[in-house]
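Close look at the chain arrangement
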Protein chains: 2
Amino acid sequence: MKDKFYQYILQLQNQITSKLEEVDGVAKFREDIWERPEGGGGRTRVIENGNVIEKGGVNISAVHGKLPDSMQKLFNVGEADFFACGLSLVIHPKNPMAPTVHANWRYFEMYDTSTEFSTGSRKVINSWFGGGQDLTPYYLFEEDAIHFHQTCKTACDKHNLEFYPKYKKQCDNYFWNAHRNEARGLGGLFFDYCKATDDSSDSEQAKHMKMEDWYNFVTEVGNSFLEAYVPILEKRKNLPFTEAQRTWQEIRRGRYVEFNLVHDKGTLFGLKTNGRIESILMSLPPNVQWVYDHHPEVGSEEEKLIKVLKNPIDWV
Amino acid sequence: MKDKFYQYILQLQNQITSKLEEVDGVAKFREDIWERPEGGGGRTRVIENGNVIEKGGVNISAVHGKLPDSMQKLFNVGEADFFACGLSLVIHPKNPMAPTVHANWRYFEMYDTSTEFSTGSRKVINSWFGGGQDLTPYYLFEEDAIHFHQTCKTACDKHNLEFYPKYKKQCDNYFWNAHRNEARGLGGLFFDYCKATDDSSDSEQAKHMKMEDWYNFVTEVGNSFLEAYVPILEKRKNLPFTEAQRTWQEIRRGRYVEFNLVHDKGTLFGLKTNGRIESILMSLPPNVQWVYDHHPEVGSEEEKLIKVLKNPIDWV
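Residues numbered from 1 in each chain as written. Chains lettered and ligands numbered in written order. Predicted model: local features only at pLDDT ≥ 70, side-chain atom pairs only at ≥ 80, totals over all residues.

Brief notes about the overall build of chain A
The helix and strand tally for chain A stands at nine helices and 10 strands. Its C-alpha atoms give chain A a radius of gyration of 20 Å, near enough to 20 Å, the size a compact globule of 316 residues would have. (Helix = DSSP H or I, 4+ residues; strand = E, 2+ residues; numbered from the N terminus. Rg over C-alpha atoms; globule rule 2.2 N^0.38 Å.)

Pasting the structure below:
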């Protein structure tokens with residue numbers, strides 16, 4: 001499964017970066033191959049100062065080795081070995097009318113430590129998929145929110161009718177900027193610990209999911225990404241905007257930074273376990289402002305966005 | 001003691017904001033008085049878009065009530081009441097040749113819960129002072145670093161010759177941006193849990209310090225702040241700079257954000273215990289950039305700064 005999923009994210013990275021370069025029309029992704037001293041590495045692709053994309057990263061990594069202490073605590077296990085691979089992306093468009101998008105699809109395996117990793121014959125004691133995709137606009141276009149969520153729902157519904165409502169809600173909960181009492185964005189999907197049936201599953205239907213079924217589900221979502229995002233980007237990338245709207249975008253990007261550095265488990269985990277910093281922090285926006293006690297005008301488009309972020313909506 | 005120290009920070013806030021307005025010459029501090037629902041409140045003063053200061057805050061607060069669970073854990077105590085007051089300031093100058101500065105002086109009391117706070121006759125079970133001041137330049141002027149540290153040392157030496165080396169080292173350790181493997185800035189002083197003699201003190205001389213002595217020390221440092229910073233600001237505020245130097249300043253400000261949101265205990269504590277968000281986050285710089293994998297040119301002024309941040313220096 002790990003080789004199959006790794007092959008999948010390799011080709012998905014190619015597919016996504018090709019399409020985004022096409023949409024941008026000018027900038028190209030720069031590629032950095034890196035190695036993790038403790039085992040594994042990654043292929044980071046970053047695009048900056050494009051015609052459409054101000055900054056973005058579409059990164060894959062596959063790492064393995066001894067499970068760090070912090071992860072032993074997180075998973076409530078003792079010493080173990082692990083393998084993890086995934087694709088993470090964040091795209092920050094230049095135009096404030098175009099939304100930022102984030103997506104991630106990942107696979108994790110844990111092994112008992114009684115055999116050597118290099119032999120390839122390790123006993124898998126646990127494995128699961130995780131991931132999701134979510135949209136963070138600076139101005140609210142309801143049709144964009146509906147399109148993004150509808151695409152997520154269509155991908156989910158092919159596998160289990162309970163998935164979309166469940167993972168949509170988990171997304172709203174996870175990307176909650178608690179200290180601001182508002183959502184990071186308009187949500188989408190967030191799922192984790194997707195594994196073969198066990199008794200702790202809270203869904204009758206999900207009990208029938210084998211790892212192969214989860215692979216099919218996760219890759220279905222991965223395959224839906226470009227369809228979910230690119231039509232929105234195309235529609236908004238050339239809209240006119242004012243200096244004040246650009247300022248609003250930069251202030252809102254500040255909230256994105258706050259979420260990623262204060263609350264995002266993945267980012268903090270990476271920073272505190274000696275991950276490749278530049279690959280992790282590619283998610284941070286290019287130009288950001290913090291203005292003291294900023295509030296949008298009553299009745300403005302900016303206020304309309306805030307209202308929706310404070311009370312997440314069911315878009316489909 | 002709490003009333004005496006509160007009176008001190010009230011007048012110190014006035015003194016510092018007056019002087020900084022004089023140096024800026026154009027902008028004035030805006031004042032926000034706020035109340036904490038659980039007890040106490042603060043007087044926040046923020047300056048923005050000045051001639052010299054791009055953004056800065058000089059805030060005082062005095063809060064009291066039931067010790068939050070998170071603080072019970074931090075201090076390893078059970079239920080208790082507390083009082084805390086302090087002054088916190090961060091100044092981000094516009095000119096990249098002028099350094100950012102941070103300072104904080106604070107006092108904390110804990111009480112047993114068997115009497116009512118309102119009676120004023122609570123039994124103090126523990127109390128201490130904390131604080132410090134530190135400098136974060138974007139370009140290295142060694143004479144500025146020496147002046148700042150010499151002023152810190154002069155203030156310390158009047159009280160105990162061990163204080164400057166000890167608190168200088170603690171400052172370098174505290175403001176360490178671990179995920180970047182570099183200091184936030186050039187350091188200064190950082191001290192905490194300064195209280196009347198007990199057996200756990202590691203210094204023979206500090207054993208003779210009474211709370212009154214600590215008050216005299218902390219206010220000596222507070223009184224040294226303007227002398228430590230203003231001459232530097234005056235000297236650098238009108239130096240010419242290029243667009244590239246401004247970009248470097250904004251990229252380095254990103255590191256300041258990273259430290260404050262990922263590592264700073266005070267900021268995280270405030271964010272996670274329902275503090276006044278806008279007063280806490282006044283510390284974040286006004287305009288910030290994140291550029292993927294940015295490295296200064298070999299032999300450049302920018303690289304000279306980084307080298308010093310990676311290996312903190314004894315300036316005096």
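Once the structure has been displayed, the description carries forward.
Some details on the pairing of strand 5 (residues 100–111) of chain A
Looking down a regular strand, the side chains alternate between one sheet face and the other. All names here are of chain A. Burial analysis of strand 5 places 11 of its 12 residues in the buried class, which makes it a mostly covered element. Sheet topology places strand 4 (residues 81–93) next to strand 5; 11 bridges connect them, and they run antiparallel. For Cys85, the partnering residue across the bridge sits in strand 5 and is Tyr107. The sheet contact formed by strand 5 and strand 6 (residues 124–136) spans 12 bridges and is antiparallel. Within strand 6, the position partnered with Glu109 by the bridge is Ser127. (Buried ≥ 20, exposed ≤ 12 C-beta atoms within 10 Å, placed from the backbone. Pairing = 2+ DSSP bridges.)

Here's the deal with the relation of the copies chain B and chain A
Once chain B is rotated about the relating axis by 180° and shifted along it by 0.0 Å, it coincides with chain A to within an RMSD of 0.0 Å. On the angle and the small slide along the axis, the relation comes out as a two-fold axis. Scanning chain B for the C-alpha nearest the rotation axis identifies B:Val288, at a separation of 2.6 Å. (Least-squares fit on C-alpha atoms with pLDDT ≥ 70 in both.)

A word on the interface of chain B and chain A
Many authors give the size of an interface as the accessible area that is lost as the parts come together. The interface is formed by 22 residues belonging to chain B together with 22 residues belonging to chain A. Secondary-structure elements contributing two or more residues to the side of chain B that touches chain A are strand 2 (40–48), helix 6 (243–263), helix 8 (277–280) and strand 10 (287–289) of chain B. A total of four residues in the side of chain B that touches chain A trace back to one element, the largest contributor, which is helix 6 of chain B. Counted by class, the side of chain B that touches chain A contains 14 nonpolar, three polar and five charged residues. In this structure, strand 10 (residues 287–289) of chain A lies alongside strand 10 of chain B, joined through three bridges in antiparallel fashion. Paired with A:Val288 across the two strands is B:Val288, which belongs to strand 10 of chain B. (Contact = placed C-beta atoms within 7 Å. Nonpolar A, V, L, I, M, F, W, Y, C, P; charged D, E, K, R; others polar.)

Observations regarding the environment of A:Pro231
Residues and elements named next belong to chain A. Topologically, Pro231 is positioned in helix 5 (residues 211–236). On the basis of neighbour count, Pro231 is assigned to the partly exposed category, with 14 C-beta atoms found within 10 Å. A sequence separation of 203 residues divides Pro231 from Lys28, and the C-alpha atoms of the two residues are 20 Å apart.

Re the sheet that holds strand 1 (residues 30–35) of chain B
All names here are of chain B. Read from one edge of the open sheet, seven strands run 1-2-3-4-5-6-9, paired in antiparallel fashion. Either end of the sheet is taken by a strand with one partner, and the two such strands are strand 1 and strand 9 (187–194). Strand-to-strand twist across the sheet, computed as the mean angle between neighbouring axes with direction ignored, equals 5°. Direction of pairing for strand 2 relative to strand 3 (residues 53–66): antiparallel, over a ladder of seven bridges. Residue pairing for strand 3: Gly42 is matched across the bridge by Ser61. (Axes fitted to C-alpha atoms, helices over the stretch in contact; angles between N-to-C directions.)

Some details on helix 1 (residues 2–24) of chain B
Residues and elements named next belong to chain B. For helix 1, built from 23 residues, the straight-helix expectation of 33 Å at 1.5 Å per residue is met to within 8% by its first-to-last C-alpha distance of 32 Å. For helix 1, the set of buried residues is Phe5, Ile9, Leu12, Gln13, Ile16, Thr17, Leu20 and Asp24. Buried residues along helix 1 sit in contact with strand 2, strand 3, strand 4 (81–93), strand 5 (100–111) and helix 5 (211–236). Immediately beyond the C-terminal end of helix 1, within one or two residues, lies Gly25, with a positive phi of roughly 85°. (Expected span 1.5 Å × (residues − 1).)

Here we look at helix 5 of chain A
For an α-helix, 3.6 residues make a turn, and residues three or four places apart therefore share a direction. All names here are of chain A. Relative to the 38 Å expected for 26 residues at 1.5 Å per residue, helix 5 spans 38 Å between its end C-alpha atoms, a close match to the ideal helical length. Of all the bends found along helix 5, the most pronounced is centred on Ser224 and spans about 35°. Turning to helix 5, its buried residues number three or more, namely Trp214, Phe217, Val218, Val221, Gly222, Ser224, Phe225, Ala228, Tyr229, Ile232, Leu233 and Arg236. Here the buried face of helix 5 lies against helix 1 (2–24), strand 4, strand 5, strand 6, helix 3 (142–157) and strand 9 (187–194). (Bend = angle between axes of the 7 residues up to and from the residue.)

Re the nonpolar core
Core analysis: the biggest nonpolar cluster contains 154 residues, and A:Tyr167 and B:Tyr167 have the highest contact counts within it. Setting aside chain neighbours within four positions, we find B:Tyr167 in contact with B:Gly132, B:Cys156, B:Leu189, B:Phe190 and B:Phe191. (Core = buried A, V, L, I, M, F, W, Y, C linked by C-beta atoms within 7 Å.)

Here we look at the confidence of the model for chain A
In this model, chain A carries an average pLDDT of 93, and 95% of its residues clear a pLDDT of 70 or more. Here the complex is predicted with pTM 0.94, and the ipTM for its interfaces comes to 0.94. (pLDDT = per-residue confidence, 0-100.)

Description of the sheet that holds strand 4 of chain A
All names here are of chain A. Strands sit in the order 1-2-3-4-5-6-9 across an open sheet of seven strands; the sheet is antiparallel. If you trace the sheet from one side to the other, it starts and ends with strand 1 (30–35) and strand 9, each paired once. Adjacent strand axes in the sheet meet at a mean angle of 5° when their direction is disregarded. As judged from the 13 bridges shared by strand 3 (residues 53–66) and strand 4, these two strands associate in the antiparallel manner. Bridge pairing in strand 4 links Ile53 to Pro93. Across the sheet, helix 5 touches strand 4, strand 5, strand 6 and strand 9, and the angle it forms with strand 6 is around 15°.

Remarks on the packing of helix 6 (residues 243–263) of chain A against helix 6 of chain B
With their axes 8 Å apart at the nearest point, helix 6 of chain A and helix 6 of chain B run at an angle of 45° to one another. Taken as axis vectors, helix 6 of chain A and helix 6 of chain B run oblique relative to one another. In the crossing of helix 6 of chain A with helix 6 of chain B, the sense of the turn from one axis to the other is right-handed. Judged by residue contacts, A:Val257, A:Glu258, A:Leu261 and A:Val262 of helix 6 of chain A engage B:Val257, B:Glu258, B:Leu261 and B:Val262 from helix 6 of chain B. The residue makeup of the contact of helix 6 of chain A with helix 6 of chain B, split by class, is six nonpolar, no polar and two charged. (Parallel < 35°, antiparallel > 145°, perpendicular 65-115°, else oblique. Left-handed = near helix turned anticlockwise from the far one by under 90°.)

Section: the environment of B:Asp32
All names here are of chain B. Inspection of the secondary structure assignment puts Asp32 in strand 1. Exposure remark for Asp32: the 16 C-beta atoms within 10 Å place this residue in the partly exposed category. Sequence spacing of Asp32 and Phe82 is 50 residues, and the spatial spacing of their C-alpha atoms is 24 Å.

A closer look at the packing of helix 1 of chain B against helix 5 of chain B
All names here are of chain B. Contact geometry for helix 1 and helix 5: axes closest at 11 Å, N-to-C directions at 5°. On the basis of their axis angle, the class for helix 1 and helix 5 is roughly parallel. Contact residues: Lys4, Phe5, Tyr8, Leu12, Ile16, Lys19 and Val23 in helix 1; Tyr215, Thr219, Gly222, Phe225, Leu226, Val230, Leu233 and Glu234 in helix 5.

Examining the pairing of strand 1 of chain A
Residue and element names in this part refer to chain A. The buried fraction of strand 1 amounts to zero of the six residues, a small share that puts the element mostly on the outside. Sheet analysis places strand 1 next to strand 2 (residues 40–48), joined by six bridges and oriented antiparallel. Bridge pairing links Glu31 to Arg45 in strand 2. Count of turn residues in the strand 1/strand 2 antiparallel hairpin: four residues, of which Gly39 carries a positive phi of about 135°.

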